[in-house]
Amino acid sequence: MNGNGHHVNAPQALIIEARPKTYAIDVRVFVATIMATMVVAFGTGLMMGPTDARLAMPVLSFLGIELPEPVQLPAAAINSEPIVGAMSTQSLMPSNPQARNSNSKSATYMVGEVSANGEIIINKEGEDAAGEVLIKQAKRTKTEHVATLGYKIRETHVNIDTPVLEGTGDVPHERDITYDRINKENDGNIRDQTMPSGQHLLVDMKNLEADFLNSESRLARAMQDSVIAGGLTMLSYHCHSLHPAGVSCVGVLLESHISFHTWPDEGVITLDMFTTSEKPLLPVLPSIKKLFGIPRVNAETGEKEEVVTVWSHELRGFRTEDARKVHHLDGNSDISKHVTSPLEVVYKEHVLNMETEYGRIDIWDVKERDDTPGYEDGLRLGLAPQDPRWFSYEDASPCRLLFLDGVLHMANQTDRVFHETLVHPAMFAHPSPKSVGILGGGDGGSLREVLKHKSVTDVTMVELDEKVVSVSKEYLPEISDCSDIVGSKPNCFDDDRLSLIFTDAFAYVKEKKEANGKFDVLVADVNQPENQDEYTDADTVNALVESLSPLGVLVINAGEAPMIVDPRADKGMQPKREAFTKLLEAHPKIASIFVFEDAQSGYVDPVAFLVACRDASCRKNWYGQTDEINYQVFDRLQAMKSKKPALIQFDGATQRSYQVPPRAWETVYCRREPEPFECAYRGLDMTKELFEYYPKNEDESAFVIRESKEGAENDAAVYATVDIPEGSYIMPTHLAASLEVSEDSAKDSNATAHLEGVGEADVLTDFVDYIDENGHSARDGSGKIYVEIGGSRVIRESDDASEVNIRRWVPAHPDGARPKYSPVYDRHRHSFDVFLVASRDIKAGEEIVKPGDLWDH
């Protein structure tokens, strides 16, 4: 037993503590459940929007909560005109905050009218009515930039549950969207909406009235009127207010859609219109500008601000290649690239649109965002240094562009540069041009430049479209202005030397047999080869060549200059230019062809030009020295009445730059198959060694000069001091330093040294004799003489082939003469005519001997 009288090992009764029956719940699970429920409810509210009053009101009534009945919004008037379309049902609450928080049941609110600025007037009725109450949109703080609007929208409520304004549109004819109406135009022709293509017009406007941009009804009216102006059909439209300010609208068209968004405080609207119809969309642009361009009043000056409009037009979707080629607004057309597509072109004024018997003529005035005032603008505006207007496009004069069938033909600001580049290189390649032909050129620019030459006695211009001439004279009068040229009429087209013929230029050349051999210079001022199929026709090319006099020169606008990355020319972007070039190369009466380019002619990319000569003697004129060409410009051109220079672009230095084509021409030329022979010599072979002659350092010199053996023709001879492998370069530094003298200079020096009645000039005589003994004429026909002045001049000549051990670096061409066209020869003329290499292995101690006819071929 224990102390309590119980046996220690006796069984004990089970004692159970009495507790109320409950369930164990983890508080973390409980909190998570509540939070999840709240998230689901909040998300549902965001997606679903406010509960429909028809569902909510019975529940609220059951709970004893009474709300005003929803008010049906009637059609109201704006300036006494009805709002188009049915108004949606919406609950309107009073603008008085106290009234909104009041439980008063005695006041009701009835819609009265819509004011001119789009605000809704609410009439308060009942025992607490105090008269008319005006509901005004709350004004938000002006944003730093319109791009921050997205952030502002996230801060505020956007009315997306029910449109503020919507309707089916207002059309000036009975609405008919049956199959027949959808698929036929008014004239019964089938509407072309089956192709996956369309037109897209983007319009941005600023400095607009804030009230207008905040009025759904006024904006909806402008949208519908724009659709009507475009001859389109609106099916429905929907406008949503953004609170506190701004409106977004979209109109569903039979042809596609129109939409826009407004920023009232900034005075900005951005709009786009897309149609699948082939009906031109650009004609609706003036209506959009008029209907939406309500100017705002400047708060400081009280005057209306100028509305700024920036727009872009694009052809969308997928058209056939044939359809793209004929559409003047296609993305590849010049008018699209320069005017209608880029938003960077901030000023676009369509000056003229004319359809003629032969095509379409367009004239546009444009300014780009990064344009700045030019020299003439500075004089006109009196701009001082650091004047901020120097950096603004607004003070720059617009550039006027002339387009023919969507192809850029001329820009008035770069007209002189382009026409000087087209005309004068060819004119100065001829010794004295008298009869000149111009194919095309209806703007008058080529004619103006030709008439500056004193030698010209007659000009024949053949232009297809007479309207091009009349339009150019009216809208681009400065291009055909000859009033400053001494001896010419005020307008170039009135010059007595001109014969103006209106017909197809290429047909004229082919059919007018009496023109054969007539033209000293023929200027083809027509489309580039890619847009002129005649350039690939052998008969046409033959007619062009046959129309030239024996020393005649042909020049064309050859299109966009090539790039180094371009493929072989006949496979790239300019296959027709390559075909034309090859036709000229194959023609027996063409002796030389040159290509050059200019980046200042007013086009996005450098413009290429091609000159072809019937006689190789034009090479001498083409490769003239800078001062020589400058003298010819002075001597051969008419003076200007204003005493200004006759030319602003072309001179001797400019011609020198044309003599060496950029490397891209050489690179693309050498992609011909098979590769032209001379392409293997575009640079020195870096695997070959250079063996130099150092007269003051015999230890380093690979050559030594010794007295010749007795009886030898030369007083000295050159010997190798080391072994020289075949193909190694012989005295390259000395040869590269050869003196260049023109043949004319050599002749004049010789004549001056032997003037009758004057003692001989020994120094000059010795110089002429030195040229005769150590010089050789360039093989390119340029009229240059390369005179060796280093150790190479001492090398002995021999007609014994077994003695000869050196040769020219570039052998004679396999065809026996330099090619008519070769950018490689044009770029490396000097090096091809001076460098020598070992023709076989030369042993140390062996005399260096060159062939007697080394430079004859």
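For the structure, check the block above.
Residues numbered from 1 in each chain as written. Predicted model: local features only at pLDDT ≥ 70, side-chain atom pairs only at ≥ 80, totals over all residues. Heavy atoms only, no water.

Trainee: How would you sum up the overall build of the chain? Please name residues and give values.
Mentor: Tallying secondary structure elements over the chain gives 26 helices and 34 strands in all. Taking all 857 residues of the chain together, the buried fraction comes to 44%. Contacts spanning at least 24 positions in sequence make up 68% of the contacts within the chain whose residues lie at least 6 apart. Just so you have it, the chain exposes about 45200 Å², and 53% of that area is on carbon and sulfur atoms. (Helix = DSSP H or I, 4+ residues; strand = E, 2+ residues; numbered from the N terminus. Buried < 20%, exposed > 50% of the residue type's maximum accessible area, 1.4 Å probe, protein only. Contact = heavy atoms within 4.5 Å. Areas by Shrake-Rupley, 256 points an atom, 1.4 Å probe, with all protein chains shown as cover.)

Trainee: Pulling in residues and values, what's your account of the sheet that holds strand β14 (residues 360-368)?
Mentor: Reading across the sheet, the four strands line up as β13-β14-β15-β16 and stay open at both edges, with antiparallel pairing between neighbours. Only two strands of the sheet have a single neighbouring strand rather than two, namely β13 (345-355) and β16 (407-411). Strand-to-strand twist across the sheet, computed as the mean angle between neighbouring axes with direction ignored, equals 25°. (Pairing = 2+ DSSP bridges. Axes fitted to C-alpha atoms, helices over the stretch in contact; angles between N-to-C directions.)

Trainee: Explain the sheet that holds strand β24 (residues 690-691) to me, and be specific about the residues and the numbers.
Mentor: Two strands in a sheet stick together by hydrogen bonds in their backbones, pointing the same way (parallel) or opposite ways (antiparallel). The four strands lie next to each other as β24-β27-β33-β32, forming an open sheet whose pairing is mixed. Across the chains shown, the open sheet's two edge strands, defined by having one partner strand only, are β24 and β32 (806-808). Alignment of strand β27 (residues 729-730) against strand β33 (residues 836-838), held across two bridges, turns out to be antiparallel. Directly across from Tyr729, in β33, lies its bridge partner Val837.

Trainee: An account of the pairing of β14 is needed here, citing residue identities and associated values.
Mentor: Burial analysis of β14 places eight of its nine residues in the buried class, the great majority of the element. As paired elements, β13 and β14 share nine bridges and run antiparallel to each other. Bridging from a neighbouring strand, Asn353 pairs with Asp362 of β14. Joining the antiparallel neighbours β13 and β14 is a turn of four residues.

Trainee: Before we move on, could you go through unusual backbone geometry and cite the residues and values that matter?
Mentor: The bulk of non-glycine residues show a negative phi, and the bulk of peptide bonds are trans. Cis geometry marks the peptide bond from His243 to Pro244, where omega comes out at 15°. A cis geometry characterises the amide bond from Glu673 onward to Pro674, with omega recorded as -5°. In the Ramachandran plot, Asn207 falls in the positive-phi region, its phi being about 70° despite a non-glycine side chain. Inspection of the secondary structure puts Asn207 in the loop between β7 (197-206) and α6 (210-213). Here the phi dihedral of Met731 falls at roughly 45°; this positive angle occurs in a residue that is not glycine. Residue placement: Met731 occurs in the loop between β27 and α22 (732-736).

Trainee: Any chance you could break down helix α8 (residues 285-292) for me, citing the residues and the numbers?
Mentor: Listed in full, the buried residues belonging to α8 are Leu285, Ile288 and Phe292. Across the axial projection of α8, the buried residues extend over an arc of 55°, all falling on one side. Opposite the buried face of α8, by more than 90 degrees, sit the exposed residues Pro286 and Lys290. (Arc of directions from axis to C-beta.)

Trainee: Describe the packing of aromatic side chains, naming the residues involved and giving the relevant values.
Mentor: Tallied over the entire structure, the rule returns 21 aromatic pairs. Ring centres of Phe594 and Tyr623 lie 5.9 Å apart, and the angle between their planes is 90°; on these two criteria the pair is classed as edge-to-face. With a gap of 29 residues between them, Phe594 in strand β22 (residues 592-598) and Tyr623 in the loop between α18 (618-622) and α19 (626-636) connect regions that are remote in the sequence. We note that Phe594, like Tyr623, is buried. Every member of this aromatic cluster is reached through a ring pair, and the members are Phe418, Phe594, Phe596, Tyr603, Phe609, Trp622, Tyr623 and Tyr658. The lysine or arginine in question, Lys367, covers the ring of Tyr347, its NZ or CZ lying 5.4 Å from the ring centre. (Phe/Tyr/Trp six-rings, centres within 6.5 Å; stacked < 30°, edge-to-face > 60°. Lys NZ or Arg CZ within 6 Å of the ring centre and 35° of its normal.)

Trainee: Describe helix α14 (residues 466-475), listing the residues and the values that go with them.
Mentor: Of all the positions in α14, only Val468, Val469, Val471 and Ser472 are classed as buried. Next to the buried residues of α14 lie β13, β14, β15 (399-404), β18 (458-463) and β19 (498-502).

Trainee: Go over the pairing of strand β9 (residues 247-253) with me, naming the residues and quoting the values.
Mentor: Side chains Val247, Cys249, Gly251 and Leu253 project from β9 onto a buried face, and the interleaved Ser248, Val250 and Val252 project onto a face without burial. What sits between the antiparallel neighbours strand β8 (residues 234-241) and β9 is a turn of five residues, in which Gly246 has the positive phi angle 105°. If you look at the hairpin formed by β9 and strand β10 (residues 256-263), you'll find two residues sitting between the two strands.

Trainee: Could you give an account of empty space enclosed by the protein, with specific residues and numbers?
Mentor: In this approach, a probe sized like a water molecule rolls over the atoms, and the result shows the empty space that is left. Enumeration over the complete set of coordinates arrives at one cavity of 30 Å³ or more. Forming the boundary of the largest cavity are Pro425, Phe428, Ala429, Asn621, Trp622, Ile629, Gln632 and Gln655. Among the elements of the structure, α12 (415-429), α18 and α19 are those that each provide at least two residues to the lining of the largest cavity. Among the elements that make up the lining of the largest cavity, the one with the highest residue count is α12 (three residues). (1 Å grid on protein atoms, 1.4 Å probe; cavity = no way out; pocket = protein on both sides within 12 Å on 5 of 7 lines; lining within 4 Å. Points joined across faces, edges and corners; volume = space filled by probe spheres on them.)

Trainee: How would you sum up a nonpolar patch on the surface? Please name residues and give values.
Mentor: A cluster of nonpolar side chains, contributed by Val27, Phe30, Val31, Ile34, Met35 and Met38, occupies part of the molecular surface with about 590 Å² of accessible area. Its location among the elements puts Ile34 in helix α1 (residues 27-48). (Patch = residues over 30% accessible without salt bridge, like charges linked within 9 Å, V, L, I, M, F, W, Y side chains within 5 Å. Salt bridge = Lys/Arg side-chain N within 4 Å of Asp/Glu carboxyl O.)

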